[in-house]
Amino acid sequence: MGLFFKSRKHAPAPELPDWLSVRDGFPFYIKAPMVLIGLYLFFYILNQLQEIIVPFAFAGLIAVLLNPVYNRFQKWKFNKILAIVLTIFIAVLVVAGIMFFLSSQIVQFGDMIPQLEKKTIKLLGNLQEWLSSTFGISTEKQMSMLDEAINNSRTYVGKTVNTLFGIISFFVLIPLYIFLLLFYKPLILNFIFEVFDENNSEQVAEILQETKGAVQSYIVGLMIETTIVATLNSIALLILGVPYALLLGVIGAILNLIPYIGGIIAIALPVLISFITKDGYTTPLLIIGAYTVIQFLDNNIIVPRVVSSKVSVNALISILVVLLGGTLWGVSGMFLSIPFVAVLKIIFDRIDELKPWGKLLGDTMPDDPPAKVVNPNEAEDKERTLF
């Protein structure tokens, strides 16, 4: 317990009550249900407090990203409050600039909605006839399946901002949280140091430094990657003559931040728009081909060279945590899941008892796996990844 609680020097360790000292003697059939109940309550609370925790989690990531800008203002002898306000103001200007750049495309897309609705109804009618003639699925059954899918998607997306308070929290609470996190940064860091044992101060400092560096490099790398992918997507769609190319290119790049699953949705959107606005299958097939090439370049060139994160999470864990995050917090949970696991991996790698869990989250093959359970040929490439 010395790792988690600060110990007093030259003071005898207090005796624990009997009900605490015998807890390690509980049999497995008692421990296992207790752990499961604890996990259930933990995730239940996270789900119920979504409207508070999700903005705070985003604010924490953004605060770490903006910390170098804030430190720069501090070096220039700016007042602390003024430095924080200017840092947040710059971030708001960047977001506003991106929205202004896309505003014309958003307005045009809104004007085209009636036309898109008519073409969508026509395509759905053709699809219903094809399904009925090919697979024998009645129109009533198809409509029932479509209504069920729409309701499920509304529930899923609704977890992101499902109330007025949720919307207000993203536009009001996030800047407020960022301000308070930067303002009370010395207090928070001092608390972390004082809560842990003095003998582990260097280990705690290393974990904090690596966590900050990993989160910063991860987010900055993702921003650069998103810019490159958005540019490539937009150029490809402009060449193919797809309407709203810039808007769809940026949306596709943002969706690409969701590992594996987001890439599929990013391809589906422009393909759907091309089906609605154009005749034939040539353009949709060309979009699929272009996006496939962009995804290949992203996975094999852009990410390894641009996203200079110090933490690599393997594909299996990435997909699992993205799906779990989506189930827990909707789209917000999908975006937050990978940075959260990356921070956990940094902590696990620095604590001896948790190092096996850190290895499980990573994508580096073991140096000397037991030959009785692992084929040596499967682990000979220590840096083998999915792509």
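Residues numbered from 1 in each chain as written. Predicted model: local features only at pLDDT ≥ 70, side-chain atom pairs only at ≥ 80, totals over all residues. Heavy atoms only, no water.

Engineer: I'd like to hear about the side chain of asparagine 314, residue by residue, with values.
Structural biologist: One can find asparagine 314 in the loop between helix H12 (282-306) and helix H13 (315-350). Look at asparagine 314 and you get buried, because its relative accessible area is 15%. A polar atom in the side chain of asparagine 314 sits 2.8 Å from the backbone oxygen of leucine 360. The contacts of asparagine 314, once residues within four sequence positions are left out, are Leu360, Leu361, Gly362 and Asp363. (Helix = DSSP H or I, 4+ residues; strand = E, 2+ residues; numbered from the N terminus. Buried < 20%, exposed > 50% of the residue type's maximum accessible area, 1.4 Å probe, protein only. Polar contact = N/O pair within 3.5 Å; in protein donor to acceptor, adjacent residues only side chain to side chain. Contact = heavy atoms within 4.5 Å.)

Engineer: Let's hear about the UniProt feature "transmembrane region" (unreviewed entry) in the protein chain: which residues, and what values?
Structural biologist: As annotated in UniProt, the feature "transmembrane region" (unreviewed entry) corresponds to residues 28-46, 52-70, 82-102, 164-184, 218-240, 246-273, 285-303 and 315-348 in the numbering used here. In residues 218-240, the share of helix is 100% and the share of strand is 0%. The end C-alpha atoms are 32 Å apart. Helix and strand shares over residues 285-303 are 100% and 0% respectively, and the end C-alpha atoms of the span are 25 Å apart. (UniProt positions renumbered as here; feature names shortened; annotations may be inferred.)

Engineer: Give me the lowdown on the confidence of the model for the protein chain, citing residues and values where you can.
Structural biologist: In this model, the protein chain carries a mean pLDDT of 77, and residues with pLDDT of at least 70 account for 79%. Mean pLDDT values for the elements of the protein chain range from 46 in helix H1 (residues 18-21) up to 88 in helix H3 (residues 50-75). Predicted confidence for residues 1-5 stays below pLDDT 50, and this span has 13 contacts to residues more than four positions away or in other chains. (pLDDT = per-residue confidence, 0-100.)

Engineer: Outline unusual backbone geometry, listing residues and values.
Structural biologist: Unlike most non-glycine residues, lysine 77 shows phi in positive territory, near 65 degrees. Turning to its location among the elements, lysine 77 is positioned in the loop between H3 and helix H4 (80-111). By relative accessible area, which is 74% here, lysine 77 ends up exposed. In this structure, tyrosine 244 takes a positive phi of about 55 degrees despite not being glycine. Along the chain, tyrosine 244 falls in the loop between helix H9 (201-240) and helix H10 (245-255). Under the relative-accessibility criterion, tyrosine 244 is labelled buried at 7%.

Engineer: Summarise the packing of H9 against H10; cite the residues concerned and give the values.
Structural biologist: Look at H9 against H10: their axes get within 8 Å of each other, and the N-to-C directions meet at 145 degrees. Relative to H10, the crossing made by H9 is right-handed. Two secondary-structure elements touch here, H9 through Thr226, Val229, Ala230, Asn233, Ser234, Leu237 and Leu238 and H10 through Ala245, Leu246, Leu248, Gly249, Val250, Gly252, Ala253 and Ile254. (Axes fitted to C-alpha atoms, helices over the stretch in contact; angles between N-to-C directions. Left-handed = near helix turned anticlockwise from the far one by under 90°.)

Engineer: So what's going on with the packing of aromatic side chains? Residues and values would help.
Structural biologist: Counted by the stated rule, this structure contains eight aromatic pairs. Judged by centre distance (5.2 Å) and plane angle (85 degrees), the ring pair of phenylalanine 56 and tyrosine 177 falls under edge-to-face. Placement of the pair is phenylalanine 56 in helix H3 and tyrosine 177 in helix H7 (residues 164-183), with a sequence separation of 121 residues. Taken together, Phe73, Trp76 and Phe78 form an aromatic cluster joined through their ring pairs. The ring centre of phenylalanine 183 lies 4.5 Å from the NZ or CZ of lysine 80, which sits over that ring. (Phe/Tyr/Trp six-rings, centres within 6.5 Å; stacked < 30°, edge-to-face > 60°. Lys NZ or Arg CZ within 6 Å of the ring centre and 35° of its normal.)

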